[in-house]
Each structure stands twice: as structure tokens, then as C-alpha cells.
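For reference, the chains in residue letters:
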Amino acid sequence: MLAASALLAGCADLGYYWQSASGHLGLMRAARPVPEWLDDPATSEALKTKLALTQRIRQFAVAELGLPDNDSYKSYADLHRNAALWNVVAAPPHALTLKTWCFPVAGCVGYRGYYDEAAANAEAAAQQSQGLETAVYPVPAYSTLGWMNWAGGDPLLSTFIGYPEGELARLVFHELAHQVLYVPDDTMFNESFATAVERIGGARWLRTHASEAARLDYAQFDGRRQQFRALTAETRRALEAVYGSPAAKAQDWPAVDAMKADAMADFRQRYAKLREGWTGPRQGVYDGWVARANNAMFGAQAAYDELVPGFEALFEREGEDWTRFYAAVKRLAEMPKAERRQALRTEAAPATAGAPTNQQQQQGGRGG
């Protein structure tokens, strides 16, 4: 998305925009149509199997989820690195509100992406020198919002092609959802919408097209994810209470820092207890996140989770009809930011106050 913005950028911060444009163009140059990879005798059988799977997922996205039918995810690129790019996020020491950066097309967003990890770390250090808490995290895929369809669309990447079937389907659905709708200056709305589409669509794919082994593998991983997201959501609420406390209003920062430290210690203790109940592969999948957890990381996670229950409830209210759902979401997008967010929270309230919605039941009562 930011790479597409860079192509329309002016002279301001030219170095950053140049790395964005050149990084994305390099990614596009590495891409070849999936049929070429399938016909290439040098392509491993494992990769051929995954590429063939992605094309079935891609067809499902169009036929069953109403997602765009274009050239995105019909080509593949081996990047020879572990991420498509690295995002930098930053937040104040006494708030979960992310610092925003503003770009052409994309508007203002709560992250800044780099195709070079060292450059991302340098940006994080610069933000830290201004007194902010920061985090750098790898991004396996991103969307150009359909702006690059004339050049072949967004390719499949080596950074996520090895994902288990359920995760691979979710990622494709998520990124294609960004091509349905994108609202400048509202990261939470955009990411929560795409996350809702990936959850609902992923559940349908697994139920109707995946093998029993794939469903069981996904169920174990997603069950842990639900538990972790529920824990982090509770911790966000605890931190928000600290930052809105009388001590914070009185600017008694030593008292605020002490309460913050207690909340973070409780989070890590509860995670350790949660982790004890996990066995088998990927037991420590969240260890790194927990070790580095700070305001920036909690703030970034909220963008992907906060409004999802509202979107899921809206999907149900629209009769689980994708055309009607997308139309309803586009009507929300026309509202002022505060109003559309409140509308989604209101939409979610009946479901969260009572029994789980049908979508939540299908996804194992997903939380957060």
C-alpha cells in the first residue's frame, strides 16, 4: 500500500519514498506467473503443491466471498528473505495511541514500512530518541489496494507460501479485502474489516474445502491465537485504565509507571501460565512478542482486532450475503471516523453481551 503511495509522492522525504518505490518494483520484477512455476522442472514438488492450492483458494475467494477477480495472487516471487518488508510502529510511554505517518493515497497510517530491516531499526531508534516506545515487526504480505493491477497485481510471496493451509487462505482473503474497500486515515477500520473477511472466509474454506488434517492443524493453532488475543485484549484494557487514571490526569508519572509495570508483569505471568497448557509444534510462537511487548505493540494489535466483532455482527445482519455486506461496509465508510467506529461497536454489543454469533461458533468463539 505504501509502495503504491510512493509512486505518486512528491519531493518530501524523497529517500524514504525512493526505497518504497524501488523495493516494491524489485518485488514485482521477481514475480512470474504461477503456470510458469508449475511448468518449471526446477520448481520443487512442495512448492508446486502450494502454488496449486493458492489458485484454488483464489478461485474460492471470487466465487464464494465476492472478492475481486483480477491478476493479484496469480504470480509468485521468491524474495530470498523472511519478510516482504518491516513495519515500524511507535507510541507514547503513557498511551496506546500510535504515532501516524501520512502518505499520498494511503492517507495517515499508524506504521512506516521499510524494505530493509536495518533501515527499519534505524527509524525505530530515531523514534525512541524522541521518547516513544517502538517496535519493528516483519510483514509477510501487503496490499497495493488494486493500484498495481495494471502491472500484474500483488504476487504470492515466498514469505508466506509455506504457511499451513488455513493461514494461507486467511492471508489471501485479508489482502484481497483491502482491494474491496480502503478508507484513508482509518487503519483500525481498514484492518478490522479485512480481518473479519479473512476470519469468516477462512472458516468457510476450511469447512468446505480443506482436509481433516488441515482443519485439525488450524484448530490447534487458532485456538492458541484466540487465547492469546483474549489475554492481550484484557491487558490493553488494563493499560488504558492506567493511562486514564487519576494519577495520569495529575501527571504523577512515577505512580503511573508503577501501575504500568504491574499490568505488564501480570500479562507476562498470565502468558507463562497459558503457555504451560500448550504442547506440540509452535508452543513458543508468541514468546518473542511477549518479551518485546510495549505500548506500540499493543496499539498495533488493536488496529487488527478492535472492530472485528462489529463487522462479524454486520455480516450476520446482512444475511451472510457478501454483496449486501460489502455495500453496508461502504455505507459505514462514508460516515465520519468516530461515527462509523461507534456504529460498529454498537453493532457488536448484542452479540458480545449474549450468546456467540454463528460466525463465532464456526470459529470456536474467537475473542479479541
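Residues numbered from 1 in each chain as written. Predicted model: local features only at pLDDT ≥ 70, side-chain atom pairs only at ≥ 80, totals over all residues. Heavy atoms only, no water.

By the naming in an unreviewed UniProt entry, the chain goes by Aminopeptidase and is assigned to Variovorax ginsengisoli.

Q: I'd love a proper account of the environment of Asp257, names of residues and values included.
A: The residue Asp257 is located in helix H10 (residues 253–276) in this model. Among the residues examined, Asp257 registers a relative accessible area of 37% and is labelled partly exposed. Sequence separation between Asp257 and Pro93 is 164 residues, and the spatial gap between their C-alpha atoms is 8.8 Å. (Helix = DSSP H or I, 4+ residues; strand = E, 2+ residues; numbered from the N terminus. Buried < 20%, exposed > 50% of the residue type's maximum accessible area, 1.4 Å probe, protein only.)

Q: Account for the pattern of salt bridges, naming residues and giving values.
A: Per the stated rule, a full pass over the model turns up 22 salt bridges. Residues Arg32 and Asp40 are paired through a salt bridge, measuring 3.4 Å at the closest nitrogen-oxygen approach. A cluster of three or more residues bridged by salt bridges with shared partners is formed by Glu167, Arg170, Glu198, Asp222 and Arg225. (Salt bridge = Lys/Arg side-chain N within 4 Å of Asp/Glu carboxyl O.)

Q: Which residues make up the state of the cysteines, and what values go with them?
A: Evaluated as defined, the whole model comprises one disulfide. Each sulfur of the disulfide joining Cys102 and Cys108 lies 1.8 Å from the other. Judged by the sign of its S-S torsion, about 95 degrees, the bond between Cys102 and Cys108 is right-handed. (Disulfide = S-S within 2.5 Å.)

Q: Describe the packing of helix H7 (residues 187–208) against helix H14 (residues 322–333), and please don't skip the residues or the numbers.
A: Contact pair H7 / H14: the axes reach a minimum separation of 12 Å and the direction vectors enclose 170 degrees. Accordingly, the angle class assigned to the pair H7 and H14 is roughly antiparallel. Packed against H7, whose contacting residues are Phe189, Phe193, Val197, Ile200, Gly201 and Arg204, the element H14 presents Trp322, Phe325, Tyr326, Val329, Leu332 and Ala333 at the interface. (Axes fitted to C-alpha atoms, helices over the stretch in contact; angles between N-to-C directions. Parallel < 35°, antiparallel > 145°, perpendicular 65-115°, else oblique. Contact = heavy atoms within 4.5 Å.)

Q: Hey, could you go over the packing of H7 against helix H13 (residues 308–317) for me, with residue numbers and the actual values?
A: Orientation of H7 relative to H13, taken along the N-to-C sense of each, is 55 degrees, at an axis distance of 8 Å. By the criterion of interaxial angle, the relationship of H7 to H13 is oblique. Pair H7 / H13 crosses with right-handed handedness. Every residue of H13 that contacts H7 at Phe189, Ser192, Phe193, Thr195, Ala196, Arg199, Ile200 and Arg204 is listed here: Val308, Phe311, Glu312 and Phe315. Residue composition of the contact of H7 with H13, by class: seven nonpolar, two polar and three charged. (Left-handed = near helix turned anticlockwise from the far one by under 90°. Nonpolar A, V, L, I, M, F, W, Y, C, P; charged D, E, K, R; others polar.)

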